[in-house]
Structures are given as C-alpha cells and as structure tokens.
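Reading the structure
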Amino acid sequence: DVQLQASGGGLVQPGGSLRLSCAASGFSFDDYAIGWFRQAPGKERELVATATTTGSTYSVDSVKGRFTISRDNAKNTVYLQMNNLKLEDTAVYFCNAFPAFISWGQGTLVTVSS
C-alpha cells in the first residue's frame with residue numbers, strides 16, 4: 001500500500017512560519033525524487049519545490065528565499081519549511097514522487113490569514 005501523507009498544516013498569520021512533513025511508505029523512498037505541490041481554492045495544482053534522491057533542491061520563484069525543502073531518507077520523510085508566509089500561500093499542500101507521480105494522498109491545509 002503506497003502512501004505519501006502530508007501533515008503539519010494549520011492557521012498562521014502573514015509573516016509567520018510552518019513546517020510541513022511528508023511521511024512515505026510502501027515503496028523505495030530513496031529511489032524517487034519527491035515534490036511538494038499546492039492547490040488554492042479555484043486554482044489548478046502547482047509545483048512548489050522538489051528534492052532529488054541525493055538532496056539537491058529546487059523551488060519556484062514565488063517561494064524562493066521563503067520555503068526550503070529537505071529530505072531524510074533514513075526516516076522516509078520530506079519536509080517543507082515555510083517562512084514569511086503570505087496570503088497567497090493559502091492552499092492544500094500535497095507531496096508526491098516527481099515527475100512519475102505515485103499517489104496524491106489527502107494533503108494538508110495551510111491557511112494564511114490575519
């Protein structure tokens with residue numbers, strides 16, 4: 001049973017921080033690049049950041065300098081540290097293998113509001 005379970009979302013004020021976790025199971029985690037994605041209300045799902053099997057990272061321009069992706073292969077876990085959150089970061093956040101998607105899971109809701 002393949003699972004990629006995102007957690008750690010919640011309500012935060014603009015300028016605040018959150019740390020999301022993605023717990024993977026049911027497949028060889030260290031054989032896959034992993035990406036964080038998000039979907040805001042009424043919008044399509046978009047890529048946020050990726051981490052290769054060896055820990056090389058990439059992030060889109062809108063979050064560069066604010067979000068940091070990392071992975072711990074020993075724990076089968078990927079993290080997304082989100083700092084200086086903005087209203088437009090409000091979305092459901094998902095993790096999945098990238099670019100060959102395995103499972104989307106339920107995601108975790110991040111709400112940025114004053």
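Shown above is the structure to which this text applies.
Now for a quick tour of the structure. (Residues numbered from 1 in each chain as written. Predicted model: local features only at pLDDT ≥ 70, side-chain atom pairs only at ≥ 80, totals over all residues. Heavy atoms only, no water.)

**Focus: the overall build of the protein**
The helix and strand inventory of the protein stands at zero helices and ten strands. Along the protein, helices and strands appear, N-terminal first, in the series β-β-β-β-β-β-β-β-β-β. Against the 2.2 N^0.38 benchmark of 13 Å for 114 residues, the protein shows a C-alpha radius of gyration of 13 Å, consistent with a compact globule. C-alpha extents for the protein along the principal axes are approximately 40 × 25 × 20 Å. Classification of the 114 residues of the protein by burial places 39% in the buried group. Partitioning the intrachain contacts of the protein with sequence separation of at least 6 by distance along the chain shows that 54% fall at a separation of at least 24. Summed over its atoms, the accessible surface of the protein is roughly 6000 Å², and 47% of this surface lies on carbon and sulfur atoms. (Helix = DSSP H or I, 4+ residues; strand = E, 2+ residues; numbered from the N terminus. Rg over C-alpha atoms; globule rule 2.2 N^0.38 Å. Buried < 20%, exposed > 50% of the residue type's maximum accessible area, 1.4 Å probe, protein only. Contact = heavy atoms within 4.5 Å. Areas by Shrake-Rupley, 256 points an atom, 1.4 Å probe, with all protein chains shown as cover.)

**Looking at the sheet that holds strand 4 (residues 34–39)**
Spatially, the six strands line up as an open sheet ordered 2-10-9-4-5-6, and their pairing is mixed. The open sheet has two edge strands, strand 2 (11–12) and strand 6 (57–59), and neither has a second partner. Where strand 4 meets strand 5 (residues 46–51), five bridges bridge the pair, whose relative direction is antiparallel. Its bridge partner being in strand 5, Ile 34 is matched across the sheet by Ala 51. (Pairing = 2+ DSSP bridges.)

**Examining the packing of aromatic side chains**
Here the structure, examined in full by the defined rule, presents six aromatic pairs. Seen from their ring centres, Phe 27 and Tyr 32 are 5.5 Å apart, and the 80° between their planes marks the pair as edge-to-face. The class of Tyr 32 is partly exposed, set by a relative accessible area of 32%. Ring geometry for Phe 37 and Trp 104: centres 4.9 Å apart, planes at 80°, overall edge-to-face. Within this pair, whereas Phe 37 is found in strand 4, its partner Trp 104 is found in the loop between strand 9 (91–97) and strand 10 (108–112), the two being separated by 67 residues in sequence. Assessed through its relative accessible area of 4%, Phe 37 is described here as buried. On the accessibility criterion, Trp 104 (24% relative accessible area) is partly exposed. A cation over an aromatic ring shows up here: Arg 19 above the ring of Tyr 79, its NZ or CZ 4.0 Å from the ring centre. (Phe/Tyr/Trp six-rings, centres within 6.5 Å; stacked < 30°, edge-to-face > 60°. Lys NZ or Arg CZ within 6 Å of the ring centre and 35° of its normal.)

**Quick notes on the pattern of salt bridges**
Taken as a whole and assessed by the stated rule, the structure comprises four salt bridges. One salt bridge connects Asp 61 with Lys 64, and the closest N-O pair in it is separated by 3.3 Å. Here Asp 89 and Arg 66 are joined by a salt bridge, their closest N and O atoms 2.7 Å apart. In this pair, Asp 89 is assigned in the loop between strand 8 (77–82) and strand 9 and Arg 66 in the loop between strand 6 and strand 7 (67–72), connecting sequence segments 23 residues apart. Neither Asp 89 nor Arg 66 differs from the other in exposure class; each is buried. Beyond isolated ion pairs, a larger network of salt bridges with shared partners links Arg 38, Glu 46, Arg 66 and Asp 89. (Salt bridge = Lys/Arg side-chain N within 4 Å of Asp/Glu carboxyl O.)

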